[in-house]
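Structural features, examined
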Amino acid sequence: QAKARGRNGYQFYAASMSGEGLERLRLEALLRRAIEKNEIYLHYQPQVDIATRQLIGVEALVRWHNPELGQVAPVRFIPVAEDTGFISQLGQWVLAEACRQMICWDTAGLRVPKMAVNLSVRQFERGSIAPMVASVLQEAGLEAQRLQLEVTESVIMNTGDALGYVNDLRAVGVGLAIDDFGTGYSSLAYLSQLPVQTLKIDRSFIQDISTDANDEAIAVAIIQLGKSLNLSVVAEGVENEEQAAFLLRHGCRHAQGYLYSRPVAPDDLLAQWGQGHDEHEAGTTVPG
Ligand code: C2E
Ligand code: MG
Ligand code: MG
Ligand code: MG
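This report concerns the structure included in the present document. This one's a predicted model, so the numbers in the text were calculated from it and none came from an experiment. (Residues numbered from 1 in each chain as written. Chains lettered and ligands numbered in written order. Predicted model: local features only at pLDDT ≥ 70, side-chain atom pairs only at ≥ 80, totals over all residues. Heavy atoms only, no water.)

Our next topic: the environment of phenylalanine 124. Mapped onto the elements, phenylalanine 124 comes out in the loop between strand S4 (115-118) and helix H6 (130-140). The sequence separation of phenylalanine 124 and alanine 162 amounts to 38 residues, and the corresponding C-alpha distance is 7.9 Å. (Helix = DSSP H or I, 4+ residues; strand = E, 2+ residues; numbered from the N terminus.)

Okay, here's the thing in structure tokens:
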């Protein structure tokens, strides 16, 4: 039967669209309406002081649950959002929601010192986003100093006027962090000119820290670099006590990872870290 249809341009097209391309189109179409359908929400992962286990901040991580697709991971839909330009709208929604949440926690009696929000390289392509960030902060009633924006090295190296945009953001008063540090190609000379306050050591270096000598050397070098440039260093993806002890020994004070908490819903964060939380579970000193 396939033969009978012969060499048909449409058939060829249909066949080529049956795999990844079709999946991609479907994702695109569903994603475009995801915000208005309330399918997008945020989870928050604590950042802690390793020595005291105190909460120093949270990172907002976007989540998408679609009735047809189920839970879709950010690594699957963020690239689609970037390619279609939807990332601008999504990024602004995430920022506004994260800032709003900070005030909610304040009201509920949980003061989260800092909210970290990821920015995509594509959000920098249409010019400065500083005015948008300033208006989101004002709308939410959040002080700029309590917001930290995370950019990757690729944002900084591949954006024409990155330094100008980053300086604009600093002028608004927000903090800046370099995410996944060590995986990109930023030059150290350039790094020292950037008005950033925080380096986040990529999870890939933390993972095998006690078994892989190279990863260990890189992690230690990043910690030293942070010290020299007077930046705070946060280790990502800390999953066990061994990794935490290693970091502390080498002077890295802050961490984020499953050892402390997975990314959680706002109410769970409040339950775990709010007033009257279980001190033992939150990891603070147990009496006796
Ligand atoms: P990221 O910004 O580096 O975020 C950290 C990722 O590591 C999160 O994955 C988090 O759940 C995961 N993680 C944290 N601790 C551990 C750990 O101990 N072990 C392991 N195995 N993983 C850990 P998630 O939420 O799937 O996000 C993946 C990436 O998607 C993020 O990496 C970020 O690049 C991007 N992303 C997430 N939310 C947003 C957003 O709102 N906007 C933008 N532009 N990108 C986002
Ligand atoms: Mg991040
Ligand atoms: Mg990261
Ligand atoms: Mg990342």
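A few words on the environment of leucine 119. As for its placement among the helices and strands, leucine 119 is situated in the loop between S4 and H6. Residue leucine 119 is classed as buried on the basis of its relative accessible area, which comes to 10%. Setting aside its immediate chain neighbours within four residues, leucine 119 contacts Phe124, Ile129, Leu149, Glu150, Val151 and Leu169. (Buried < 20%, exposed > 50% of the residue type's maximum accessible area, 1.4 Å probe, protein only. Contact = heavy atoms within 4.5 Å.)

Positionally, glutamine 256 belongs in the loop between strand S9 (254-255) and helix H13 (266-273). In this structure glutamine 256 comes out as buried when scored by relative accessible area, which is 3%. Engagement of the side chain of glutamine 256 in a polar contact is seen with the side chain of glutamine 45, the distance being 2.9 Å. In terms of polar contacts, glutamine 256 uses its side chain to reach the side chain of lysine 200, at 3.0 Å. Non-local contacts of glutamine 256, meaning those with residues more than four positions away in its chain, are made with Gln45, Pro46, Gln47, Glu59, Lys200, Val234, Ala235, Glu236, Gly237 and Val238. (Polar contact = N/O pair within 3.5 Å; in protein donor to acceptor, adjacent residues only side chain to side chain.)

The environment of ligand 1 is made up of 22 residues, and the closest members are Arg63, Asn118, Asp179, Glu239 and Tyr258. Separating an oxygen atom of ligand 1 from a side-chain N or O atom of glutamate 59 is a distance of 3.0 Å. Taking 810 Å² as the accessible area of ligand 1 by itself, protein coverage stands at 83%. Of all the secondary structure elements, the ones that give two or more residues to the shell around ligand 1 are strand S2 (55-66), helix H4 (74-84) and strand S6 (175-181). Here the element with the most residues in the shell around ligand 1 is S2; it accounts for four residues. Class assignment for the residues of the shell around ligand 1 results in nine nonpolar, five polar and eight charged. (Near = heavy atom within 4 Å. Areas by Shrake-Rupley, 256 points an atom, 1.4 Å probe, with all protein chains shown as cover. Nonpolar A, V, L, I, M, F, W, Y, C, P; charged D, E, K, R; others polar.)

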